[in-house]
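Residue strings, one per chain:
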Amino acid sequence: MFHTRHTPKAKALSHAPGVDLALARTHEVCGPSRRLFAVLTAGKMTGPVLWLRMMWNVDRLMGDGIRPFLDPGRVVFGEARTPMEILWAAEEALRSGLMPLVVADLPGPPGLTPVRRLHLAAATGHEARGNAPMMLLLTPGWGGAPGIETRWHMAPRPGWARDGKPRWKLSRTRARMAPEQSREMWLEDGQMRFEKGWT
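Everything numeric in this text was worked out from a predicted model, so none of it was measured. (Residues numbered from 1 in each chain as written. Predicted model: local features only at pLDDT ≥ 70, side-chain atom pairs only at ≥ 80, totals over all residues. Heavy atoms only, no water.)

Can you lay out the environment of arginine 81 for me, pointing to particular residues and giving the numbers?
Counting through the fold element by element, arginine 81 comes out in the loop between β5 (75-80) and α3 (83-96). According to the relative accessible area criterion, arginine 81 is exposed, its value standing at 58%. Sequence spacing of arginine 81 and arginine 53 is 28 residues, and the spatial spacing of their C-alpha atoms is 8.9 Å. Apart from residues no more than four positions distant in its own chain, arginine 81 is found in contact with Met54, Met55 and Trp56. (Helix = DSSP H or I, 4+ residues; strand = E, 2+ residues; numbered from the N terminus. Buried < 20%, exposed > 50% of the residue type's maximum accessible area, 1.4 Å probe, protein only. Contact = heavy atoms within 4.5 Å.)

Right under this line is the structure:
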């Protein structure tokens, strides 16, 4: 049984109007460009980033590749043998309140109970230290973790470019207080830039 406790209200990190990530909560990011979304989010924050992944996963962040968006020296990597080990480590990191951002690169969506535990751990970290840690669950395909605050799907748009800049489609596929919508985006000075309006 999960109990609700009073904690100070946390603010949100905003990439743009409508692209908001509530702090002290757990969000899911899926699709082929999910890791880029996480790197861009980390770049908008300060402090260390804990990036957890499966030890057999061949997809690894490359320091030179993320340097335009995020100082690689801020990233602490952790590897685990099972998804449950990753979720345990993420929960402990959130509860400590020492990591502003925890990223869990998972082979599939976790269940409702682990997601609830992550929410509670983030709230505990916020209450204990005054910081509001945020959790990003990176999952393949279209995701599907229950109980998350928001779900985002990010994918490249092959053949779409303006002024030589590649484009992506960012979709908000789940949010507690907002409808499903999509926007076309590109990168400029290491930040997300969007076409006007949602589709």
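I'd like a description of the pattern of salt bridges, backed by residues and values.
Tallied over the full model, the rule gives 14 salt bridges. Between glutamate 79 and arginine 53 there is a salt bridge, with its nearest N and O atoms 2.5 Å apart. On the criterion of sequence distance, the pair formed by glutamate 79 in strand β5 and arginine 53 in strand β4 (residues 49-54) is long-range, its members being 26 residues apart. In this structure arginine 53 comes out as buried when scored by relative accessible area, which is 4%. Residues arginine 95 and glutamate 91 are paired through a salt bridge, measuring 2.7 Å at the closest nitrogen-oxygen approach. Of this pair, arginine 95 and glutamate 91 both sit in helix α3, 4 residues apart, which is roughly one turn of that helix. With a relative accessible area of 30%, arginine 95 lands in the partly exposed category. Here the salt bridges do not stand alone but share partners, grouping Glu91, Glu92, Arg95 and Arg117 into one network. (Salt bridge = Lys/Arg side-chain N within 4 Å of Asp/Glu carboxyl O.)

Talk me through the packing of aromatic side chains; I want residue IDs and the actual numbers.
With the rule as written, the count across this model stands at 1 aromatic pair. Ring centres 6.1 Å apart and planes at 25° place the aromatic pair phenylalanine 37 and tryptophan 152 in the stacked group. Pair noted here: phenylalanine 37 is in helix α1 (residues 34-43) and tryptophan 152 is in strand β8 (residues 150-162), with a separation of 115 residues, a long-range link. In this structure tryptophan 152 comes out as buried when scored by relative accessible area, which is 1%. (Phe/Tyr/Trp six-rings, centres within 6.5 Å; stacked < 30°, edge-to-face > 60°.)

Hey, could you go over the nonpolar core for me, with residue numbers and the actual values?
Ranked by size, the top nonpolar core spans 32 residues in total, and within it Phe37, Leu101, Val103, Leu170 and Met185 carry the most contacts. In terms of residues, this core owes the most to one element, α1, which gives 5 residues. In terms of nonpolar packing, the next biggest core, distinct from the first, is built from 21 residues, Leu50, Ala80, Ala90 and Val115 among them. (Core = buried A, V, L, I, M, F, W, Y, C linked by side-chain atoms within 4.5 Å.)

Describe the side chain of threonine 139, with residues and values.
Assignment of secondary structure puts threonine 139 in strand β7 (residues 134-139). Assessed through its relative accessible area of 0%, threonine 139 is described here as buried. A polar atom in the side chain of threonine 139 sits 2.7 Å from the side chain of glutamate 28. Setting aside chain neighbours within four positions, we find threonine 139 in contact with Glu28, Val29, Cys30, Gly31, Arg34, Leu106, Gly108, Pro109 and Pro110. (Polar contact = N/O pair within 3.5 Å; in protein donor to acceptor, adjacent residues only side chain to side chain.)

So what about α1? Which residues, and what values?
Counted residue by residue, α1 has 8 buried out of 10 residues, so it is predominantly covered. Buried within α1 we find Arg34, Arg35, Phe37, Ala38, Val39, Leu40, Thr41 and Ala42.

Go over the side chain of asparagine 57, please, and point to the residues and values.
Looking at where asparagine 57 falls in the secondary structure, it is placed in the loop between β4 and α2 (63-66). Excluding its chain neighbours within four sequence positions, the residues that come into contact with asparagine 57 are Arg35 and Asp105.

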